[in-house]
Amino acid sequence: MSLKWWQTALFYQIYPRSFADGNGDGIGDFKGITEKLDYLKTLGVDALWLSPHFPSPNWDCGYDVSDYCGVAPEYGTLDEFKTFLHEAHAREIRVILDLVLNHTSDEHPWFLESKASRDNPKADWYVWQDTPPNNWQSCFDGDAWTYAPERNQYYYHYFMKQQPDLNWRNPAVKQAMWDAVRFWLDLGVDGYRLDAIGTIYEDPTLPSHSVPMNLAQLRREAELARTPEDHKRSRKNWHNMFKNQWGQPGLHELMKELRTILDEYEGDRMLVGEDDDIAYMGDGKDELHLVFNFPLMHTEFITPAHIRRNQAQRLARLEALPTRGWGCNTLGNHDCSRIRTRFGRGTNALELAKLNAALVLTLRGTPFLYNGEEIGMTDLLITDPTLLRDTMATWYYESAVNELKVPQAEAAHHAGQMSRDKNRTPHQWANSPNGGFSPAGITPWLPVNPNYAEGINVREQENDPASLLAYYKRLIHVRKQTPALIEGEYRPVQEKARTYFAFLRETPIQTVLVVLNYSARARTLRFSLEGFHTALPLFSTEPMKKEETLSKIHVAPYEVLLVELR
Ligand code: GLC
């Protein structure tokens, strides 16, 4: 079987602002990332996805781009980017960038020109109306239509008002964006992660939504939801409020156009969409190479039943494409609570973190890790609203207090919880001031989680064979050495088991059984699999045994066990 690099690679997402501060100013940068490439190589990373590194006023932490062909000065220069790319490639690490298509920053020259008058050459590059044509909300900060006095008109923004939506129905917009796409491809980047593609087009008839609330009220409803019915109602209201603003016709044609550009380049450049809809893979080779399996992580608890259901649905859909599709599994990114916090249940958080890492690293499909998960970084709840940098949360704090009259302390707590700052804090490199991210005496852009002093840091874990970091390295190494774990088919076994998840990865020449025991109970499992009798341990969280018979496999509480069948 010949797989492409993006099918066999282990991806690692870097959030540039928080990864490594090479010049000691409290903000991550390319010098820092470059210095850490050996760390990433040793971890076993094959490809990096960088969250936006472009110049930006940072209303949305870089997802409001003001120059698509530049490097944010705080991250370095274009030459430093080139050095980084060169050094990554020298280590056989590929690099994909974040491409924000839906919107620009309101400080982007395109928007400044567009809003200057109604008849300038870029007048039609954004979505303008004389009066707000409907009650649409922005999913970040209230009304989706914002007034621009220069034109005496309103512009549309799905996200913050500092993130005006581009008018993708204008061919000049496409041309300009495709030029930027080529700029980085020409420099040698290996592809793109496509931001928020679903939001690119809106319903052209601009119908109002029928949810009797605004965004602040909708968020408050979600926050106060307690019963399953409450949650269901709140999810339904979210859907109904935004359904006219995403997933509209035109997207597939656009993705095809973009794919054509990538295919002009050598080296199998790739696209991964921030969307879970397999329809974005087109016929399997004419749109995106990958879409994320978000349904796997969109759950309160990861349970064996949830995983099996998820895999059955996803793999069937991928299978059904004219050219068979390839999966892409992840449990965390810069937009959501960290894996260890989110899926840990109190005292067993570390064991669950190991199980969940093993899940992503052994399922069929390309795995994506989020920086910091390999050392078990946790969320940091920032309850002082003045320290929040995720302005979506600041906006919510203010509207909760001023408009909804929520008590300040309660609003601050909720803002800290919904803010994405909690999962974007600086990488913890050592048990030293600022967690070794920035020098002592410097204030990093977001507070460092003080638990760097409790062993959650790279340096101490590098020296401890029992650490989570050592666990990741060992497991990633086994994955790389075991063809069935990369290319093998997926076959669930013992599908009724509620507390453990067992499945095979099989190629014509190798069969691996993976057992993830999601419970505090030790057990003896009996597998009867035609043609196989013995199990040679490949990996375990427990001391490894020499060999087991398939009819009697002992698994310890929370054990991760990988065996090759003979
Ligand atoms: C994507 C990004 C998120 C950003 C949003 C708007 O969802 O992952 O961080 O805020 O798009 O660009």
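These numbers come from a predicted model, not from an experiment.

Considerations on the pairing of strand β8 (residues 153-156)
Pairing between strand β4 (residues 128-129) and β8: two bridges, direction antiparallel. Within β8, the position partnered with W128 by the bridge is Y155. Direction of pairing for strand β7 (residues 145-148) relative to β8: antiparallel, over a ladder of four bridges. Its bridge partner lying in β8, W145 is registered against Y156.

Here's the deal with the pattern of salt bridges
Where side chains of opposite charge bring their charged atoms close, a pairing between them can arise. Evaluated as defined, the whole model comprises 33 salt bridges. For K115, the salt bridge identified is with E150, shortest N-O distance 3.4 Å. Residue K115 is located in helix α6 (residues 109-116), and its partner E150 is located in the loop between β7 and β8; the two are separated by 35 residues in the primary sequence. E150 gets classed as partly exposed once you look at its relative accessible area, which sits at 41%. Close ionic contact of R491 with E506 constitutes a salt bridge, the shortest N to O distance being 3.0 Å. Here E506 lies in strand β15 (residues 500-506) and R491 lies in strand β14 (residues 489-493), a separation of 15 residues in the sequence. Since its relative accessible area comes to 38%, R491 is described here as partly exposed.

As for the site of the ligand
Taken together, 14 residues lie around the ligand, and D60, D195, E274, H334 and D335 are the ones closest in. Within the side chain of E274, an N or O atom sits 2.8 Å from an oxygen atom of the ligand. Interatomic distance of 2.8 Å between a side-chain N/O atom of H334 and an oxygen atom of the ligand. Out of a free accessible area of 310 Å², the ligand has 95% covered by protein chains. The class makeup of the residues in the shell around the ligand is four nonpolar, three polar and seven charged.

Topic: the packing of helix α7 (residues 171-187) against helix α10 (residues 251-263)
Running from amino to carboxyl end, α7 crosses α10 at an angle of 35 degrees, the nearest separation of the two axes being 11 Å. Seen along the crossing, α7 lies across α10 with a hand that is right-handed. Only L254, E257, L258, I261 and L262 of α10 make contact with α7, whose side of the interface consists of K174, W178, V181, R182 and L185. Across the contact of α7 with α10, the residue classes tally to seven nonpolar, no polar and three charged.

Notes on the environment of L355
Structurally, L355 can be placed in helix α14 (residues 349-362). Owing to a relative accessible area of 0%, L355 belongs among the buried residues under this scheme.

Quick look at the state of the cysteines
Under the counting rule described, the total for this entry stands at zero disulfides. Cysteine C61 remains unbridged, with the sulfur of C336 as its closest cysteine sulfur at 15 Å.

Some words on unusual backbone geometry
Residues other than glycine seldom take positive phi values, yet C61 does so here, at roughly 45 degrees. With phi around 50 degrees, N152 is a residue other than glycine that occupies positive phi space. For N152, a relative accessible area of 45% corresponds to the partly exposed category.

Considerations on the domain arrangement of the protein
By domain assignment, the protein separates into domain 1 (7-101 + 171-205 + 249-368), domain 2 (109-156) and domain 3 (486-565). A separation of 31 Å is found between the C-alpha centroids of domain 1 and domain 3. Facing 20 residues of domain 1, the contacting portion of domain 3 comprises 23 residues. Considering only the side of domain 1, the residues that lose the most area to domain 3 are R308, L355 and T362, jointly responsible for 36% of the buried surface there. Taken together, the links from domain 1 to domain 3 amount to two salt bridges.

Some thoughts on the packing of aromatic side chains
Under the counting rule described, the total for this entry stands at 36 aromatic pairs. Here Y68 and W110 contribute two aromatic rings whose centre-to-centre distance is 5.8 Å and whose plane-to-plane angle is 15 degrees, an arrangement assigned as stacked. Here Y68, found in the loop between β2 (47-50) and α5 (78-90), pairs with W110, found in helix α6; they are 42 residues apart in sequence, far enough to count as distant. The burial state of Y68 is the same as that of W110; both residues are buried. Residue placement shows K36 over the ring face of W429; its charged tip is 4.1 Å from the ring centre. Over the aromatic face of W125 sits the side chain of K122, whose NZ or CZ is 4.8 Å from the ring centroid.

Description of helix α12 (residues 304-319)
Helical geometry note: an α-helix holds 3.6 residues per turn, so side chains three or four residues apart project in the same direction. Along its 16 residues, α12 runs 22 Å from first to last C-alpha, staying within 8% of the 22 Å computed at 1.5 Å per residue. In this structure, the buried side of α12 is in contact with β11 (290-291), α11 (294-297), β12 (328-330), α14, β14 and β15.

Focus on the pairing of strand β16 (residues 511-517)
The element β16 is largely enclosed, with a buried count of seven among its seven residues. Neither face of β16 is exposed, since T511, L513, V515 and N517 on one face and V512, V514 and L516 on the opposite face are all buried. Both β15 and β16 contribute to a ladder of seven bridges, which runs antiparallel. From the neighbouring strand, R505 faces β16, where its bridge partner is V512. Taken together, the five bridges between β16 and strand β21 (residues 560-565) define a ladder with antiparallel strand orientation. In the strand pairing of β21, V512 is matched with E564.

Considerations on the sheet that holds β2
With parallel pairing, eight strands are arranged side by side in an open sheet as β11-β10-β9-β3-β2-β1-β13-β12. With partners counted over all chains shown, the strands left at the sheet margins are β11 and β12, one partner each. The sheet contact formed by strand β10 (residues 270-273) and β11 spans two bridges and is parallel. Counterpart to V272 in the pairing with β11 is L290. Its contacts with the sheet place α5 against β2 and β3 (94-100), and it is angled at close to 135 degrees to β3.

How each quantity is defined
Per chain, the residues get numbers from 1 upward, laid out in the order the sequence is written. pLDDT decides what is reported in this predicted model: residues at 70 or higher carry local features, side-chain atom pairs at 80 or more are listed and counted, and totals for whole chains, interfaces and linings draw on all residues regardless. With hydrogens and water stripped out, all remaining heavy atoms of the structure feed into the side-chain values. Pairing between strands is defined by DSSP: at least two bridges between them are needed. Helix numbers and strand numbers start at the N terminus; a helix is a DSSP run of H or I with at least 4 residues, a strand a run of E with at least 2. Throughout this description, the term salt bridge denotes a Lys or Arg side-chain nitrogen within 4 Å of a carboxyl oxygen of Asp or Glu. Exposure categories follow from relative accessible area, calculated using a 1.4 Å probe and restricted to protein chains: below 20% of the type maximum is buried, above 50% is exposed, and the middle band is partly exposed. Any residue with a non-hydrogen atom lying within 4 Å of a molecule or strand is treated as near it. We call two N or O atoms a polar contact when they sit within 3.5 Å, provided that within protein one can donate a hydrogen and the other can accept it, with sequence-adjacent residues counted only if both atoms are side-chain atoms. Per-residue accessibility takes into account occlusion by the displayed protein chains alone, with areas from the Shrake-Rupley method and a 1.4 Å probe. We call Asp, Glu, Lys and Arg charged. Ala, Val, Leu, Ile, Met, Phe, Trp, Tyr, Cys and Pro are nonpolar, and the rest, Gly among them, are polar. Throughout, an axis means a line fitted to C-alpha atoms (over the contacting stretch in the case of helices), and angles, computed between N-to-C directions, take values from 0 to 180 degrees. Less than a right angle of anticlockwise turn of the near helix away from the far helix marks a crossing as left-handed, whereas a clockwise turn marks it as right-handed. It only takes one pair of heavy atoms within 4.5 Å for two residues to be counted as in contact. In this description, the term disulfide denotes a pair of cysteine sulfurs within 2.5 Å. For each domain, the first and last residues come from an automatic or database assignment. The buried area of a pairing is the accessible area, by a 1.4 Å probe, that goes missing from both parts when the two are put together, added over both. Aromatic rings from Phe, Tyr and Trp, with only the six-membered ring used for Trp, were paired whenever their centres fell within 6.5 Å, and each pair was classed as stacked if the ring planes differed by under 30 degrees, edge-to-face if by over 60, and tilted otherwise. A ring is considered to have a charge above it if a Lys NZ or an Arg CZ atom is located within 6 Å of its centre and within 35 degrees of its normal. Between the first and last residue of a helix there are one fewer steps than residues, each counted as 1.5 Å, and that sum is the expected span.

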